[in-house]
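Here is what each chain is made of, one letter per residue.
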Amino acid sequence: MQPADSLQDRQEKLATTILNSGLGGFILNPGPSLHYLTGLHFHLSERPVVVFFIPGKPVRIVLPELETAKVQNLPYPARVYPYNEDPDTWVDAFRQAGRQSNIENPKIGVEPRGLRFLELQLLQEANPDLDFVPAESVTAALRMVKDAPEIASMQQAARIAEQALTAILPQIKIGMSEAEVAAALSMQLLNKGSNPQLPFFPIVSSGANSANPHAVPSDRLLASGDLLVIDYGANVDGYFSDITRTFAIGEVDPEYHKIARIVLAANKAGCEAVKPGVTAGSVDHAARSVIEKAGYGEFFIHRTGHGLGLEGHEEPYIRGGSDLILEVGMTFTIEPGIYLPGRNGVRIEDDVLVTSQGVRSLTSLQRELVTLPIIQ
Ligand code: CO
Ligand code: CO
């Protein structure tokens, strides 16, 4: 569990954000935001767990009886509403939690991508006077700005990921499949100390598959002349890294060296554009215009980056036109790419932190196109 003072601090900030958003409260079910605010880990299961956050009141936790050991001696004021194994009784626990909260403003925020129909139905049935509204920006606003322990975890997740890739590079051979490379990399991530819940199974794509940004590792065998894109990450204390590097296998088409240099320049321009006070859109523009000016704009087919933390994709999204203002403590990826359909693709992805000076990259592995020697 996080230090008690940081949890209390987060709950106080949540209360302020709830009030500033014109809401009377916020309700969460298990997931990254609940973990962030309460230090509690529950699996999403058929037995619903919800926590009421009402400003100025203790948190109210509805959960199955068998989970009550987890919520004893919490380092913040809390009331617990356990229910038994008979689903017909669950709504009573939800009703008690709602009534005892004495909610003045009936508009209650929820995360539309987190709360399920199961919880929503019980909440509505138990509390017909409450009005549940989507308000994902409330929790996103808090989680977007990382504190020092969160940044330390992310830095460690980046370090582990870089050590893991460095360890497998000498093993990569012609005739190995993408899936074999991905499996070897996953194993090394665990060996180097990643939490086993990786942010996602590594993307290892070669040849024409590398022209698909979200390729799934296949049984395609690595061959001379391929580009090899490896996109993966580690997990430390629930915080993720997300890195991409591209390699050449033996001698490749000179155009691939050219697009690799352009993507590297775009990555650099994107990173250098990051500082407090600028918009996410301006960072996207900085990276994208390098690729556009080089004549490959139509082949950069996704946004420049996404926020990173307890989730692999979270706010702030670094996309064209976004007027979100970057602040000290935000963490996100810069990952421009050029994908030549039916041929090969290049992506270079780094994880960056907004600092008072501008930017610090959490990732540092060599970004230039490295040619792997041809080993049969
Ligand atoms: Co990635
Ligand atoms: Co990414």
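In this text the structure is predicted, and so the values were computed from the model without any measurement.

### Things to note about the pairing of strand S8 (residues 227-232)
- With six of its six residues buried, S8 lies for the most part within the structure.
- Side-chain alternation along S8 places Leu 227, Val 229 and Asp 231 on one buried face and Leu 228, Ile 230 and Tyr 232 on a second face that is also buried.
- In this sheet, S8 lies alongside strand S7 (residues 203-206) in antiparallel orientation, the contact comprising four bridges. By the bridge assignment for S8, Val 204 is matched with Ile 230.

### Brief notes about the coordination of the cobalt ion (ligand 2)
- Taken together, the protein ligands of the cobalt ion (ligand 2) are Asp 242 (OD), His 306 (NE2), Glu 335 (OE) and Glu 349 (OE), with distances of 2.1 to 2.2 Å.
- Of note is the cobalt ion (ligand 2), whose four donor atoms meet at the metal with angles of 78 to 153° in an arrangement that counts as irregular.
- Between the donor residues of the cobalt ion (ligand 2), the gaps in sequence give the motif D-x63-H-x28-E-x13-E.
- The metal-metal distance between the cobalt ion (ligand 2) and the cobalt ion (ligand 1) comes to 3.0 Å, with Asp 242 coordinating both. Here the residue Asp 242 occupies a position in the loop between strand S10 (239-240) and strand S11 (243-249), and Glu 349 occupies one in the loop between strand S16 (345-347) and strand S17 (350-354), the gap between them amounting to 107 residues.

### Points about the layout of surface pockets
- Taken as a whole, the largest pocket holds about 1100 Å³ of empty space.
- Around the largest pocket sit 40 residues that line it, and Gly 31, Pro 32, Ser 33, Leu 310 and Glu 311 are the ones nearest its centre.
- Elements represented by at least two residues in the lining of the largest pocket include exactly helix H2 (32-38), helix H5 (136-144) and strand S13 (314-318).
- Ranked by the residues each element gives to the lining of the largest pocket, the list is headed by H5, at seven residues.
- Taken as a whole, the second largest pocket holds about 300 Å³ of empty space.
- Around the second largest pocket, the lining is made up of 17 residues, and of these His 214, Asp 231, His 306, His 313 and Glu 335 lie nearest the centre.

### Quick notes on the environment of Pro 58
- Assignment of secondary structure puts Pro 58 in the loop between strand S2 (50-53) and strand S3 (59-64).
- Under the relative-accessibility criterion, Pro 58 is labelled buried at 17%.

### So, empty space enclosed by the protein
- Inspection of every chain in the model, using the stated rule, returns one cavity of 30 Å³ or more.
- Estimated volume of the largest cavity: approximately 40 Å³.
- Around the largest cavity sit Ile 172, Lys 173, Ile 174, Ile 249, Leu 372, Pro 373, Ile 374 and Ile 375, which together line it.

### Description of the sheet that holds strand S19 (residues 370-372)
- Strand order in the open sheet formed by four strands is S7-S8-S11-S19, with mixed pairing between adjacent strands. Of all strands in the sheet, those bounded by a partner on one side alone are S7 and S19. Along the sheet, successive strands turn relative to each other by an average axial angle of 25°, direction set aside.
- Along the sheet, helix H7 (residues 178-191) makes contact with S7 and S8, crossing S7 at roughly 150°.

### Description of the nonpolar core
- Core analysis: the biggest nonpolar cluster contains 33 residues, and Phe 26, Phe 53 and Ile 61 have the highest contact counts within it.
- Of all elements in the fold, only helix H1 (4-20), strand S1 (25-28), H2, S2, S3, H5, helix H6 (148-168) and S10 reach the threshold of two or more residues within this core.
- In contact with Phe 53, not counting residues within four places along its chain, are Gln 11, Leu 14, Ile 18, Gly 25, Phe 26, Leu 28, Leu 34, Leu 37, Thr 38 and Val 59.

Conventions used here
- Residues numbered from 1 in each chain as written.
- Chains lettered and ligands numbered in written order.
- Predicted model: local features only at pLDDT ≥ 70, side-chain atom pairs only at ≥ 80, totals over all residues.
- Heavy atoms only, no water.
- Buried < 20%, exposed > 50% of the residue type's maximum accessible area, 1.4 Å probe, protein only.
- Helix = DSSP H or I, 4+ residues; strand = E, 2+ residues; numbered from the N terminus.
- Pairing = 2+ DSSP bridges.
- Donors = N, O, S within 2.8 Å, 3.2 Å for Na, K, Ca; no water.
- Tetrahedral: all angles 85-135°; square planar, octahedral: opposite > 155°, others 65-115°.
- 1 Å grid on protein atoms, 1.4 Å probe; cavity = no way out; pocket = protein on both sides within 12 Å on 5 of 7 lines; lining within 4 Å.
- Points joined across faces, edges and corners; volume = space filled by probe spheres on them.
- Axes fitted to C-alpha atoms, helices over the stretch in contact; angles between N-to-C directions.
- Contact = heavy atoms within 4.5 Å.
- Core = buried A, V, L, I, M, F, W, Y, C linked by side-chain atoms within 4.5 Å.

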